[in-house]
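# Coordinate analysis (summary)
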Amino acid sequence: MHIYISSGNGIDEVCRALWHFLQWLEVHYRFDVVHLKRANCTKGYCSILLESDDAGFHTLEGTLLWRSQSPFRPKHKRKNWYFTLNIYETTAKVQIDPQEIIYQTMKSPKKGGQHVNTTNSGVRATYPPMGIEAVCFDERSQHRNRQIAKERLLKKIDTVAIRQIYTVQQQQWREGKQVVRGNPVKIFDGDRFGEHH
């Protein structure tokens, strides 16, 4: 599944909350970082995209709250900084027609043994409707390289689709839609980003 964490309109304090939150997640959950959109402030992210098979993320879906004095505006009265976490199941993959994938064999561009340089064991898999391609020279077997190239291509297609979803969300926020405040699923407190119980 993909996990999209957003600061909404990108206020510095909320972007700092995302920075703290990512560090907190690294201690408690398993995931790979797909994309980080850095904020203008130091130690801050406007949005984070993760990939994970950790079911624990479902307990975090919704609005989250960081309660802290502003690290950027010491006299600012507001102390509640909201951000959101949304989950997109990877099972809801983009439906593509496998017959539209074009495979091309190629020689390895790497220096290697005689076998590598004289056979077309490398494979490029291309999906023209989205202009996405993936290559594989990992194995001596052309058949195996074809399988790996296809797997890489499908993963790229899924990632592009997820990124398109959150690009649409960012556009909606820019048009004035805010992060939903109230009823947070989890609250964090202070500079140490401690869990509120």
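Preceding this section is the structure that the text describes.
Here we summarise the structure given alongside this text. (Residues numbered from 1 in each chain as written. Predicted model: local features only at pLDDT ≥ 70, side-chain atom pairs only at ≥ 80, totals over all residues. Heavy atoms only, no water.)

## Quick word on the overall build of the chain
Quick reminder of the rule: Strands are runs of DSSP state E lasting at least 2 residues, helices are runs of H or I lasting at least 4, and numbering of each runs from the N terminus. Using a 1.4 Å probe on the protein chains alone, a residue whose accessible area is under 20% of its type maximum counts as buried, one over 50% counts as exposed, and one in between counts as partly exposed. Two residues form a contact once any of their heavy atoms are found within 4.5 Å.
Along the chain, the regular secondary structure elements total three helices and ten strands. Starting at the N terminus and walking to the C terminus, you meet the elements of the chain as β-α-β-β-β-β-β-α-β-β-α-β-β. Looking at the chain residue by residue over its 197 residues, the buried ones come to 41%. Look at the contacts in the chain between residues 6 or more apart in sequence, and 62% of them connect residues 24 or more apart.

## Concerning the side chain of Ser7
Using the following cut-off: We call two N or O atoms a polar contact when they sit within 3.5 Å, provided that within protein one can donate a hydrogen and the other can accept it, with sequence-adjacent residues counted only if both atoms are side-chain atoms.
Here Ser7 is to be found in the loop between β1 (2–6) and α1 (12–28). At a separation of 3.5 Å, a polar atom in the side chain of Ser7 contacts the main-chain amide nitrogen of Gly10. Separated by 2.8 Å, the side chain of Ser7 and the backbone oxygen of Cys46 make a polar contact.

## A look at unusual backbone geometry
Although it is not a glycine, Lys43 adopts a positive phi angle of roughly 50 degrees. With respect to the helices and strands, Lys43 occurs in the loop between β2 (32–38) and β3 (45–51). Of note, the phi angle at Phe193 is positive, near 55 degrees, even though the residue is not glycine. Along the chain, the position of Phe193 falls in the loop between β9 (186–189) and β10 (194–195).

## Some points on the pairing of β1
Using the following cut-off: Whether two strands pair depends on DSSP finding at least two bridges between them.
Burial within β1 is extensive, with five of its five residues counted as buried. The alternating pattern of β1 places His2, Tyr4 and Ser6 and Ile3 and Ile5 on opposite faces, both of which are buried. Alignment of β1 against β3, held across five bridges, turns out to be antiparallel. Bridge pairing in β3 places Tyr4 opposite Leu49. Note: β1 against strand β5 (residues 80–88), five bridges, orientation antiparallel. Counterpart to His2 in the pairing with β5 is Tyr88.

## Describing the sheet that holds β10
Counted only if it meets this: Angular values range over 0 to 180 degrees, each being the angle between N-to-C directions of two axes fitted as lines to C-alpha atoms, with helices fitted over their stretch in contact.
Spatially, β2-β3-β1-β5-β4-β9-β10 is the arrangement adopted by the seven strands of the open sheet, whose pairing is mixed. Looking at the sheet topology across the chains shown, the edges are occupied by β2 and β10. Contacts from α1 reach β1, β2, β3, β4 (62–67), β5, β9 and β10 within the one sheet, and its direction differs from that of β3 by about 25 degrees.

## Regarding the packing of aromatic side chains
The line we're drawing: Aromatic pairing here means that ring centres of Phe, Tyr or Trp (its six-membered ring) are within 6.5 Å. Orientation follows from the plane angle: under 30 degrees is stacked, over 60 is edge-to-face, and everything else is tilted.
Under the criterion given, the structure shown has ten aromatic pairs. Taken together, a centroid distance of 5.8 Å and an interplanar angle of 65 degrees make the contact between Phe21 and Phe188 edge-to-face. Here the residue Phe21 occupies a position in helix α1, and Phe188 occupies one in strand β9, the gap between them amounting to 167 residues. Between Tyr29 and Phe57, the aromatic rings sit 4.8 Å apart at their centres with planes inclined by 35 degrees, giving tilted as the arrangement. Highlighted residues: Tyr29 in the loop between α1 and β2 and Phe57 in the loop between β3 and β4, separated in sequence by 28 residues. Tyr29 sits in the buried class, given a relative accessible area of 16%. Residue Phe57 is classed as buried on the basis of its relative accessible area, which comes to 0%.

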